[in-house]
Amino acid sequence: MKKETYIIKPRVTEKAIVSTDKNKYVFLVSRNANKDNLAQEVKLTYKVTPLKINIVNTSAREVMRKGRPGRISPFKKAIITLKKGDKIDIA
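Just so you know, the residues in each chain are numbered from 1, in the order the chain's sequence is written. At least 70 in pLDDT is required for a residue's local features to be given in this predicted model, at least 80 for side-chain atom pairs to be given and counted, and no such filter applies to totals for whole chains, interfaces and linings, which use all residues. Side-chain descriptors were evaluated using all non-hydrogen atoms of the structure, hydrogens and water having been removed beforehand.

Asks: Sorry, what's going on with the layout of surface pockets here?
Replies: One simple way to see leftover space: roll a probe sized like a water molecule over the atoms. Considering only enclosed or pocket space, the largest pocket measures out at about 250 Å³ in volume. Both site types are read off a 1 Å grid over the protein atoms alone. A 1.4 Å probe that fits but cannot get out defines a cavity, while an open set with protein on both sides within 12 Å along at least five of seven lines defines a pocket; lining residues have an atom within 4 Å of a point. Every residue along the wall of the largest pocket is listed here: Arg-11, Thr-13, Lys-15, Ala-16, Val-18, Ser-19, Lys-22, Lys-24, Val-26, Asn-54, Lys-77 and Ile-79. A run of H or I in DSSP counts as a helix once it spans at least four residues, and a run of E counts as a strand once it spans at least two, with each numbered from the N terminus. Broken down by secondary-structure element, the contributors of at least two residues to the lining of the largest pocket are helix 1 (14-19), strand 2 (24-29) and strand 6 (75-82). Examining the composition of the lining of the largest pocket, we find that 4 residues originate from one element, helix 1, more than from any other. Looking at side-chain class alone, the lining of the largest pocket contains 4 nonpolar, 3 polar and 5 charged residues. Grid points are joined across faces, edges and corners, and a volume is the space filled by probe spheres set on the points. Note on residue classes: Ala, Val, Leu, Ile, Met, Phe, Trp, Tyr, Cys and Pro are nonpolar, Asp, Glu, Lys and Arg are charged, and everything else, Gly too, is polar.

Structure follows, in structure tokens:
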């Protein structure tokens, strides 16, 4: 049986890049991810120990793009705080 991966990809936005100066990294995660699962996966994948993990559930929203109605899909993201000196290479 294949192990489920909870981290989908790093979320590369201007705000997320600025937060790396404070040792905070933002990842897009699966809908059934929780703090314990994410902590274990960060330890195994990136070889660093997270101090704190915050999870944000974003709901779907209706938007207007070029005068046409559209929809932004819901997603879940995790903000992972590392201790000083630890780094994750997102490049």
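Asks: How should I be thinking about helix 2 (residues 35-46) in this particular structure?
Replies: Side chains that are three or four residues apart share a direction in an α-helix, a result of its 3.6 residues per turn. In a regular helix each residue adds 1.5 Å, so 12 residues correspond to 16 Å; helix 2 covers 16 Å between its end C-alpha atoms and thus fits that length. For every residue, the accessible area obtained with a 1.4 Å probe (protein chains only) is divided by the maximum for its type, and the residue is called buried under 20%, exposed over 50%, and partly exposed between those limits. Turning to helix 2, its buried residues number three or more, namely Asn-37, Leu-38, Ala-39, Glu-41 and Val-42. Residues count as neighbours in contact if any of their non-hydrogen atoms are within 4.5 Å of one another. Buried positions along helix 2 lie against strand 1 (7-10), strand 2, strand 3 (50-58) and strand 6. Positive backbone phi, at 60 degrees, marks Lys-47, one or two positions downstream of helix 2. By this rule the span expected of a helix is its residue count minus one, scaled by 1.5 Å.

Asks: Would you mind going over unusual backbone geometry with me for this structure?
Replies: For residues other than glycine, phi is negative in most cases, and the peptide bonds are mostly trans. With a phi close to 60 degrees, Asn-23 is a non-glycine residue in the positive phi region. The exposure class of Asn-23 is buried, given its relative accessible area of 14%. The phi torsion at Lys-47 lies on the positive side, around 60 degrees, for a residue other than glycine. Structurally, the position occupied by Lys-47 is in the loop between helix 2 and strand 3.

Asks: Would you mind showing me how to read the packing of aromatic side chains here?
Replies: Here a Phe, Tyr or Trp ring, Trp counted by its six-membered ring, pairs with any other such ring whose centre lies within 6.5 Å, and the pair is stacked when the planes are under 30 degrees apart, edge-to-face when over 60, and tilted otherwise. Enumeration according to the criterion identifies 1 aromatic pair in this entry. Seen in terms of ring centroids, Phe-27 and Tyr-46 are 5.7 Å apart; in terms of plane orientation they differ by 35 degrees. Their pairing is tilted. Taken as a pair, Phe-27 in strand 2 and Tyr-46 in helix 2 lie far apart in primary sequence, 19 residues in all.

Asks: Hey, could you run me through the environment of Asp-86 in this one?
Replies: Summarising the element assignment, Asp-86 is placed in the segment after strand 6. Asp-86 sits 23 residues away from Val-63 along the chain, and the two C-alpha atoms are 38 Å apart. With residues up to four places along the chain from it excluded, the contact list for Asp-86 reads Asn-23, Tyr-25, Val-48 and Thr-49.

Asks: Would you explain the nonpolar core in this entry?
Replies: It is characteristic of soluble globular proteins that their nonpolar side chains tend to be buried jointly. Throughout this description, the term nonpolar core refers to a set of buried Ala, Val, Leu, Ile, Met, Phe, Trp, Tyr and Cys residues connected via side-chain atoms within 4.5 Å. Phe-27, Val-29, Leu-38 and Ile-80 are the most contacted members of the largest nonpolar core, which has 15 residues in total. For this core, the secondary structure elements donating two or more residues are strand 2, helix 2 and strand 6. Discounting residues that sit within four places of it in the chain, Leu-38 has contacts with Tyr-6, Ile-7, Val-29, Ala-33, Ile-53, Ile-55 and Ala-78.

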